[in-house]
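Spelled out from the first residue to the last, the chains are:
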Amino acid sequence: MAKRRCAACGCLFAPRRNVPQQRYCSKRACQRTRRRRWQRQKLKTDADYRANQAAAQRRWRELHPAYWRRYHQSHPEYAERNRERQRERNRRSGGAGPSPQGIANMDAYRSQKPFCSGTYGLVPVAAPGVAKMDTYVVEMQVIFTG
Ligand SMILES: [Zn+2]
């Protein structure tokens, strides 16, 4: 197969036979870029995905309160930025809706490697009055590269 140019680093690479649409080379940084772009796009265009992500992050923070506390302690600027963003969101939404403490983005997890890649059962945090919620089976990929 003809070589093509990676959409991240611009290097030529040979696409894998089983991935004819491959646009990024196999370098870790480029795969991370691909994943981040995909996620950013998905967050922008897919409300369900957005809700799932927010629920997953909420759940994760509940399961790892110590990690989250440490992260905030060692990244005061992150916490501050987060509060800014939340205030901004609150302004835009007219103050309505839930306002969890700091909605994290994926970058927040990069400073440590909190879990392993693999398949997880994801249970949304139930809103008050919601009786039953489905469990999502999700494939989690650790994108930490140190
Ligand atoms: Zn590349």
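Now for a look at the structure at hand. This is a predicted model, so every value here is computed, not measured.

## Quick look at the state of the cysteines
Here's step 1: Taken as a whole and judged by the stated rule, the model has zero disulfides.
Here's step 2: Cysteine C11 shares no disulfide, and the gap to the nearest cysteine sulfur, in C9, comes to 3.4 Å.

## Side note on the coordination of the zinc ion
Octahedral metal centres with six donors ideally show angles of 90 or 180 degrees, and tetrahedral centres with four donors ideally show 109.5 degrees.
Here's step 1: With distances of 2.3 to 2.4 Å, the protein atoms coordinating the zinc ion are C6 (SG), C9 (SG), C25 (SG) and C30 (SG).
Here's step 2: Classification of the site at the zinc ion rests on its four donor atoms, whose angles at the metal span 104 to 117°, yielding the label tetrahedral.
Here's step 3: Every donor residue of the zinc ion comes from the same chain, spaced as C-x2-C-x15-C-x4-C.
Here's step 4: Classification of C25 as buried rests on a relative accessible area of 4%.

## Some details on the pattern of salt bridges
Here's step 1: Counted according to the given criterion, the structure contains two salt bridges.
Here's step 2: Among the salt bridges present, the one from K42 reaches D46, with a minimum N-O distance of 3.1 Å.
Here's step 3: Residue K42 is classed as partly exposed on the basis of its relative accessible area, which comes to 26%.
Here's step 4: Among the salt bridges present, the one from R87 reaches E84, with a minimum N-O distance of 2.9 Å. Highlighted residues: R87 and E84, both in helix α4 (residues 76–92), separated by three residues, approximately one helical turn.

## Some words on the packing of helix α2 (residues 47–63) against helix α3 (residues 65–74)
Here's step 1: Packing of α2 against α3 brings their axes to within 5 Å, and their N-to-C directions diverge by 95°. On the basis of their axis angle, the class for α2 and α3 is roughly perpendicular. Where α2 abuts α3, its residues W60, R61, E62 and L63 lie against P65, Y67 and W68.
Here's step 2: Of the residues that constitute the contact of α2 with α3, the class distribution is five nonpolar, no polar and two charged.

## Here we look at the environment of T119
Here's step 1: Here T119 is to be found in strand β3 (residues 118–122).
Here's step 2: The spacing of T119 and V137 is 18 residues in sequence and 6.9 Å in space, taken between C-alpha atoms.
Here's step 3: Not counting the four nearest positions on each side in its chain, T119 is found in contact with V137, V138 and E139.

## Section: a positive patch on the surface
Here's step 1: Taken together, the side chains of R23, R37, R40 and K44 define a basic patch exposed on the protein surface.
Here's step 2: According to the relative accessible area criterion, K44 is exposed, its value standing at 61%.

## Re the packing of helix α1 (residues 28–45) against α2
Here's step 1: As a packed pair, α1 and α2 sit with axes 6 Å apart at the nearest point and diverge in direction by 110°. Taken as axis vectors, α1 and α2 run roughly perpendicular relative to one another. Between α1 and α2 lies a crossing whose hand is left-handed. Here W38, Q39, K42, L43, K44 and T45 of α1 lie close against α2, whose contacting residues are A47, Y49, R50 and Q53.
Here's step 2: Split into classes, the residues belonging to the contact of α1 with α2 amount to four nonpolar, three polar and three charged.

Calculation notes
For every chain, the first residue of its written sequence is number 1, and the numbers climb from 1 along that sequence. Where local features are concerned, this predicted model is filtered to residues with pLDDT of at least 70; where side-chain atom pairs are given and counted, the filter is 80 or more; whole-chain, interface and lining totals use all residues. Side-chain metrics rest on all non-hydrogen atoms present in the structure, leaving aside hydrogens and water. Defined by distance alone, a disulfide is two cysteine sulfur atoms within 2.5 Å. Here a donor is any nitrogen, oxygen or sulfur atom (N, O, S) within 2.8 Å of the metal, with 3.2 Å used for Na, K and Ca; water is not among the atoms considered, so some sites may look incomplete. Think of it this way: with four donors and all angles in the 85 to 135 degree range, the site is tetrahedral; with four or six donors, opposite ones beyond 155 degrees and the rest between 65 and 115, it is square planar or octahedral; otherwise it is irregular. Throughout, exposure labels follow a simple rule: accessible area from a 1.4 Å probe, protein chains only, divided by the maximum for the residue type, with under 20% read as buried, over 50% as exposed, and the rest as partly exposed. By definition, a salt bridge exists where a carboxyl oxygen of Asp or Glu is found within 4 Å of a side-chain nitrogen of Lys or Arg. Helix and strand assignments follow DSSP, with helices taken as H or I runs no shorter than four residues and strands as E runs no shorter than two, numbered in order from the N terminus. Simply put, an axis is a line fit to the C-alpha atoms, just over the touching stretch for a helix, and the angle between two N-to-C directions goes from 0 to 180 degrees. Here the word oblique covers every angle except those under 35 degrees (roughly parallel), over 145 (roughly antiparallel) and from 65 to 115 (roughly perpendicular). Contacts were defined at the residue level, with two residues in contact if any of their heavy atoms lie within 4.5 Å. Three categories are distinguished: nonpolar for Ala, Val, Leu, Ile, Met, Phe, Trp, Tyr, Cys and Pro, charged for Asp, Glu, Lys and Arg, and polar for the others, with Gly belonging to the last. Patches in this entry comprise residues that are over 30% relatively accessible and not in a salt bridge; like charges within 9 Å are linked, as are nonpolar side chains (Val, Leu, Ile, Met, Phe, Trp, Tyr) within 5 Å. With residues, only the protein chains shown are counted as cover, and all accessible areas are computed by Shrake-Rupley using a 1.4 Å probe. None of His or the chain ends enter the tally, which takes Lys and Arg as positive and Asp and Glu as negative. Lysine's charge is taken at NZ, arginine's at CZ, aspartate's at CG and glutamate's at CD. In this scheme the crossing of two helices becomes right-handed for a clockwise turn of the near helix relative to the far one and left-handed for an anticlockwise turn of less than a right angle.

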